[in-house]
Amino acid sequence: TNNPFGFGSGLGLSSELDAMGTVGTLFSIIRLNGQSVAAVDWHLYRVSRDGRRTYGPDEDQRREVTSHPALNLLAEPNELMTGAELMERTTQFIDLAGEAFWVVDSPLGFPSAIWPVRPDRMFEVTNGWELTGWEYKNPDGTRVPLKPSEVIQIKLPNPTNMFRGISPVHALTIDLESTQAAAVYNRSFFRNSARPGGIIEVPGQMTDDEFDRITMQWREQHQGSRAAHRVGILENSMKWVDASYSMKDMDFRSLRDLSRELIREAYGIHTHMLGLSESVNRANAEAASVDYARYQLTPRLERIRQALNVRLLPMFGGDRGALEFCYENPEPEDRDSENAERDSKVKAAVALIGAGFDPEETLMAFGLPAIPHTGDQTPQQMAPVSPVPADQLQALLAGFNSLEVTR
């Protein structure tokens with residue numbers, strides 16, 4: 001069939017995958033991570049490094065490849081989804097189940113389709129200590145055997161199972177259940193007359209018919225939020241006794257707020273990233289964005305990059321390591337840091353030039369652009385500098401000798 005692995009069949013998800021649709025905070029975090037990963041652009045490069053240590057901006061000898069079957073596959077992994085959806089769905093699986101599986105279809109000897117399949121339908125086949133294959137369980141219960149070379153697994157390592165991953169949802173099981181229970185209790189509160197439950201005390205013993213009649217009358221008159229606060233009439237010396245705990249006593253709002261904090265903590269997400277701005281100003285909002293890109297988004301992208309370079313690209317043949325995928329830096333620009341770094345480089349370059357170093361080579365070493373000048377004046381004459389103290393010059397020379405510009 002066109003979709004041999006049951007993707008898009010509409011079947012129910014396992015409890016960990018289903019958690020995304022039942023807890024609002026978790027949904028927001030998973031959506032944020034998935035959309036952020038999907039928005040990052042990828043590039044393919046042909047690597048040409050000779051192993052020698054070089055200085056300056058020419059260290060990276062890669063050439064970008066703009067036409068390659070791997071690029072086409074990443075842009076359109078299968079007939080049902082785009083590359084962005086592949087990345088988003090992969091991130092969802094990793095964040096919810098701790099692992100994602102790509103089943104690679106290679107009918108002609110090289111990859112022609114990638115299917116991200118549900119982790120809860122994948123079963124490892126081992127001989128006790130070595131992975132020998134996988135099995136995918138179809139919706140009808142039949143199992144499809146798969147070779148290790150047909151499956152690319154991306155996972156958060158599980159300390160108790162070397163073959164499978166582990167997700168924050170696993171650690172949040174009790175907290176997520178409490179959050180769901182609080183939501184269900186609140187819903188029941190409004191469905192059941194919008195007031196705490198209670199007991200009707202009846203003197204003596206009631207017949208089954210009397211019990212059914214009283215129950216039906218009470219539900220018809222008082223059940224539901226629209227019937228709240230109606231006057232109740234009890235007969236035959238019956239008494240209404242309130243429940244021991246009121247909604248205020250239960251304090252479900254504080255419970256749900258605590259659960260939200262625990263969920264954000266497990267995923268390392270700042271409140272600003274979820275649109276909560278009660279205690280956010282511009283400074284810590286920008287810091288939160290940088291921290292998110294650096295400590296949350298980049299590790300997710302790096303995990304996918306390793307899978308593409310180590311597992312997918314070798315399937316296309318060619319020299320191993322000759323090609324590599326790389327993602328664009330997701331960190332937002334930090335103007336203040338860039339300006340401070342540039343000023344520091346300029347001051348160091350001016351000091352070294354003033355001490356007699358070659359101007360062009362000094363600028364190149366610090367990654368600074370060449371500055372054209374006219375006339376007979378040398379750069380030292382055009383930009384005279386004060387004598388540099390011996391200790392500062394020695395420190396600059398040490399930094400210059402150890403300078404290595406990295407991409």
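To be clear, the structure that these remarks concern was listed above.
Chemist: It is not clear to me how the packing of helix α2 (residues 24–38) against helix α10 (residues 282–312) should be interpreted in this structure. Could you clarify?
Modeler: The angle between the axes and the distance between the axes are what describe a pair of packed helices. Between α2 and α10, whose axes approach to 10 Å, the crossing angle comes to 65°. Pair α2 / α10 crosses with right-handed handedness. Residues L32, N33, S36 and V37 of α2 form the contact with α10, whose participating residues are Y292, L297, R300, L301 and I304. Of the residues in the contact of α2 with α10, the class split is six nonpolar, two polar and one charged.

Chemist: Can you help me understand a negative patch on the surface in this one?
Modeler: Taken together, the side chains of D208, D209, E210 and D212 make up a negatively charged region of the molecular surface. Note on placement: D212 falls in helix α7 (residues 208–222). Using a relative accessible area of 46% as the deciding quantity, one classes D212 as partly exposed.

Chemist: Looking at this structure, I do not really get the packing of aromatic side chains. What am I missing?
Modeler: Given two aromatic rings, one states the distance between the centres and the angle between the planes to describe the pair. Counted under the stated rule, the structure contains two aromatic pairs. Ring centres of W42 and Y327 lie 5.6 Å apart, and the angle between their planes is 75°; on these two criteria the pair is classed as edge-to-face. Taken together, the positions of W42 in strand β1 (residues 42–46) and Y327 in strand β13 (residues 323–327) put the pair 285 residues apart, joining distant regions of the chain. Grouping residues by exposure puts W42 and Y327 together as buried. Centroid distance F101 to W134: 4.9 Å. Interplanar angle 70°. Geometry classified as edge-to-face. Within this pair, whereas F101 is found in strand β3 (residues 99–105), its partner W134 is found in strand β6 (residues 131–137), the two being separated by 33 residues in sequence. Like W134, F101 is buried. One residue, R62, lies across the ring of Y45, its end atom 3.8 Å from the ring centre.

Chemist: Is there a simple way to explain the sheet that holds β1 in this structure?
Modeler: Through backbone hydrogen bonds, the strands of a sheet pair up, either in parallel or in antiparallel fashion. In spatial order, the strands read β2-β1-β13; together these three strands make up an open sheet with antiparallel pairing. Looking at which strands have only one partner, the edges of the open sheet turn out to be β2 (63–65) and β13. Recorded for the sheet is a direction-independent mean angle of 45° between the axes of neighbouring strands. For β1 and β2, the ladder comprises three bridges, and the chain directions are antiparallel. In the strand pairing of β2, Y45 is matched with E64. Running at roughly 165° to β13, α10 makes contact with β1 and β13 of the sheet.

Chemist: I keep staring at the pairing of β13 and nothing clicks. Help me out?
Modeler: Residues in a regular strand project their side chains so that they alternate between the two faces of the sheet. Among the five residues that make up β13, five are buried, leaving the element largely enclosed by the rest of the structure. Side chains L323, F325 and Y327 of β13 all project onto a buried face; the interleaved residues E324 and C326 project onto the opposite face, where all are buried too.

Chemist: Even after reading the chapter, I still don't get the packing of α2 against helix α4 (residues 83–97), so can you show me in this structure?
Modeler: Contact geometry of α2 with α4 gives a least axis separation of 8 Å together with a crossing angle of 140°. One element, α2, and the other, α4, form an angle in the oblique class. The chirality of how α2 crosses α4 is right-handed. Between α2 and α4, the contacting residues are L26, I30, N33, G34, Q35, V37 and A38 on the first element and A84, M87, E88, T91, Q92, D95 and L96 on the second.

Chemist: How do you make sense of the pairing of strand β8 (residues 151–155) when you look at a structure like this?
Modeler: The buried count for β8 comes to four of five residues, which makes it a mostly enclosed element. As defined by bridge partners, β3 adjoins β8 across five bridges and the pair is classed as antiparallel. When the bridges of β8 are listed, V103 appears paired with V151.

Calculation notes
- Residues numbered from 1 in each chain as written.
- Predicted model: local features only at pLDDT ≥ 70, side-chain atom pairs only at ≥ 80, totals over all residues.
- Heavy atoms only, no water.
- Axes fitted to C-alpha atoms, helices over the stretch in contact; angles between N-to-C directions.
- Helix = DSSP H or I, 4+ residues; strand = E, 2+ residues; numbered from the N terminus.
- Left-handed = near helix turned anticlockwise from the far one by under 90°.
- Contact = heavy atoms within 4.5 Å.
- Nonpolar A, V, L, I, M, F, W, Y, C, P; charged D, E, K, R; others polar.
- Patch = residues over 30% accessible without salt bridge, like charges linked within 9 Å, V, L, I, M, F, W, Y side chains within 5 Å.
- Areas by Shrake-Rupley, 256 points an atom, 1.4 Å probe, with all protein chains shown as cover.
- Salt bridge = Lys/Arg side-chain N within 4 Å of Asp/Glu carboxyl O.
- Lys, Arg positive; Asp, Glu negative; His and termini not counted.
- Charge placed at Lys NZ, Arg CZ, Asp CG, Glu CD.
- Buried < 20%, exposed > 50% of the residue type's maximum accessible area, 1.4 Å probe, protein only.
- Phe/Tyr/Trp six-rings, centres within 6.5 Å; stacked < 30°, edge-to-face > 60°.
- Lys NZ or Arg CZ within 6 Å of the ring centre and 35° of its normal.
- Pairing = 2+ DSSP bridges.
- Parallel < 35°, antiparallel > 145°, perpendicular 65-115°, else oblique.

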